[in-house]
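A closer look at the structure
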Amino acid sequence: MSAPQTRSAIQRERVADQIVEDLRSQILSGAMPDGSRLPSERDLATYYDVSGPTVREAVRVLTAVGLVNARNGSRSTVTAQGDTLLAMSIASVVQVERVGAREVLGLLGALNGYAAELAAERADDDEIARLREAASAVPQANGVERSAAALRDFFAVLSEISHNPLLAALCRFITEIQIGLAVRLSGGEAGCFGRIAGPLNTERMRIVAAVAARDSRHASAVVRDYHCQVLERIAEIREIDSRPPAQDSALTEALITWLRSNVTMGGQTTMTRSTLS
């Protein structure tokens, strides 16, 4: 990996901040692509004419925002992945603002509804065939993990064939939240998780049919109805409490706990493309 392409004029005040901004710009522009290695600490210190601790401070900041993976004993690696950056940003907002579980999961209904609307307008026949195949795979999956993976794949395909990359990334992450929360609340029990996934097989095929019919309005409505049912089933999965306020509070606490376990703020996230498909 070569040194950064253009050397910015580094002022002595807030030196580390300027190095962060210079490296950040090059990572986001693609000059330093995902998977590439940063120059060594010594090379960066020489290039910017600063001390080693200043370089380490800058790398720590880039690691914290998810742009760099810093490992002891080896050079740092660029991790410019849109899904990772989005996941960390959304997880931070949810936790800082204490956004309720119903608000987060309700948003997924709106996003996937829009994805279905666009898919009905933009997807070609081969893409709709992929969606149908993904829907058919869900009831055939045995066990919680396989069933969860099949559900992720179905909604990943739905968002992908909307041909809107930002929408697809949002849908993938919030779908992961919804399915991860359902798995957590089920305690890994196939029976409990099946109370969500199993009875809704027909509804998923209705989504496919609406997209295949090129009826964007109906496709959106079917998806929104599907997510309303899912949310109610998640709330009931452990019969947390019959009183809505307490139930919502318990769901929100479960959501925050799941986010803390699965999305870290140190530049790493346990969620990769393999877990989102």
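Look above for the structure.
What follows covers the overall build of the protein chain. From N to C terminus, the protein chain includes 12 helices and 2 strands. Across the protein chain, the fraction of contacts at a sequence separation of at least 24, relative to all contacts at a separation of at least 6, is 75%. Summing over all exposed atoms, the protein chain offers an accessible surface of approximately 13300 Å²; the carbon and sulfur share of this is 49%.

If you check helix 3 (residues 52-64), its first and last C-alpha atoms are 18 Å apart, about what 13 residues at 1.5 Å a residue would give, namely 18 Å. What helix 3 keeps buried is the set Gly52, Thr54, Val55, Ala58, Val59, Leu62 and Thr63. For helix 3, the elements touching its buried residues are helix 1 (15-29), helix 2 (41-48) and strand 1 (68-69). One or two residues past the end of helix 3 sits Gly66, with phi positive at roughly 85 degrees.

Okay, the packing of aromatic side chains next. Applying the stated criterion to the full structure yields 3 aromatic pairs. A ring pair is formed by Phe154 and Phe155, whose centres lie 4.8 Å apart and whose planes are at 75 degrees; its orientation type is edge-to-face. Accessibility assignment for this pair places Phe154 and Phe155 in one class, buried. In textbook terms, an aromatic cluster arises when at least three aromatic residues are bridged by ring pairs, as seen for Phe154, Phe155 and Tyr226.

Here is a general trend for soluble globular proteins: nonpolar side chains tend to be buried in one another's company. Among the nonpolar cores identified, the biggest contains 65 residues, and Phe154, Leu158, Phe173 and Phe193 are the most heavily contacted of them. The greatest single-element share of this core, amounting to 11 residues, is contributed by helix 8 (residues 165-186). The residues touching Phe154, leaving out its near neighbours within four places in the chain, are Leu131, Ala134, Ala135, Val138, Arg204, Ile207 and Val208. Counting residues in each nonpolar core, the second largest holds 19 residues, with Met32, Val55, Ala58 and Leu67 among its members.

A full pass over the atoms with the stated rule returns 8 salt bridges. One salt bridge in this structure joins Arg214 and Asp125, with 3.3 Å as the shortest N-O distance. You can see Arg214 sitting in the loop between helix 10 (201-212) and helix 11 (216-236) and its partner Asp125 sitting in helix 6 (residues 125-137), a full 89 residues away along the chain. On the basis of relative accessibility, which here comes to 36%, the residue Arg214 falls in the partly exposed class.

Next up on the list: the side chain of Glu203. Here Glu203 is to be found in helix 10. When residues no more than four places from it in sequence are discounted, the contact partners of Glu203 are Val222, Asp225, Tyr226 and Gln229.

As a packed pair, helix 5 (residues 101-122) and helix 7 (residues 144-160) sit with axes 8 Å apart at the nearest point and diverge in direction by 55 degrees. On the basis of the axis angle, helix 5 is oblique to helix 7. Across the interface between the two elements, Asn112, Ala115, Ala116 and Ala119 of helix 5 pack against Phe155, Leu158 and Ser159 of helix 7. In terms of residue class, the contact of helix 5 with helix 7 is built from 5 nonpolar, 2 polar and no charged.

With the exception of glycine, the majority of residues adopt a negative phi angle, and the majority of peptide bonds are in the trans configuration. Phi is positive for Asp49, close to 60 degrees, though the residue is something other than glycine. Tracing the backbone through its elements, the reader meets Asp49 in the loop between helix 2 and helix 3.

Criteria and thresholds
Residues numbered from 1 in each chain as written. Predicted model: local features only at pLDDT ≥ 70, side-chain atom pairs only at ≥ 80, totals over all residues. Heavy atoms only, no water. Helix = DSSP H or I, 4+ residues; strand = E, 2+ residues; numbered from the N terminus. Contact = heavy atoms within 4.5 Å. Areas by Shrake-Rupley, 256 points an atom, 1.4 Å probe, with all protein chains shown as cover. Expected span 1.5 Å × (residues − 1). Buried < 20%, exposed > 50% of the residue type's maximum accessible area, 1.4 Å probe, protein only. Phe/Tyr/Trp six-rings, centres within 6.5 Å; stacked < 30°, edge-to-face > 60°. Core = buried A, V, L, I, M, F, W, Y, C linked by side-chain atoms within 4.5 Å. Salt bridge = Lys/Arg side-chain N within 4 Å of Asp/Glu carboxyl O. Axes fitted to C-alpha atoms, helices over the stretch in contact; angles between N-to-C directions. Parallel < 35°, antiparallel > 145°, perpendicular 65-115°, else oblique. Nonpolar A, V, L, I, M, F, W, Y, C, P; charged D, E, K, R; others polar.

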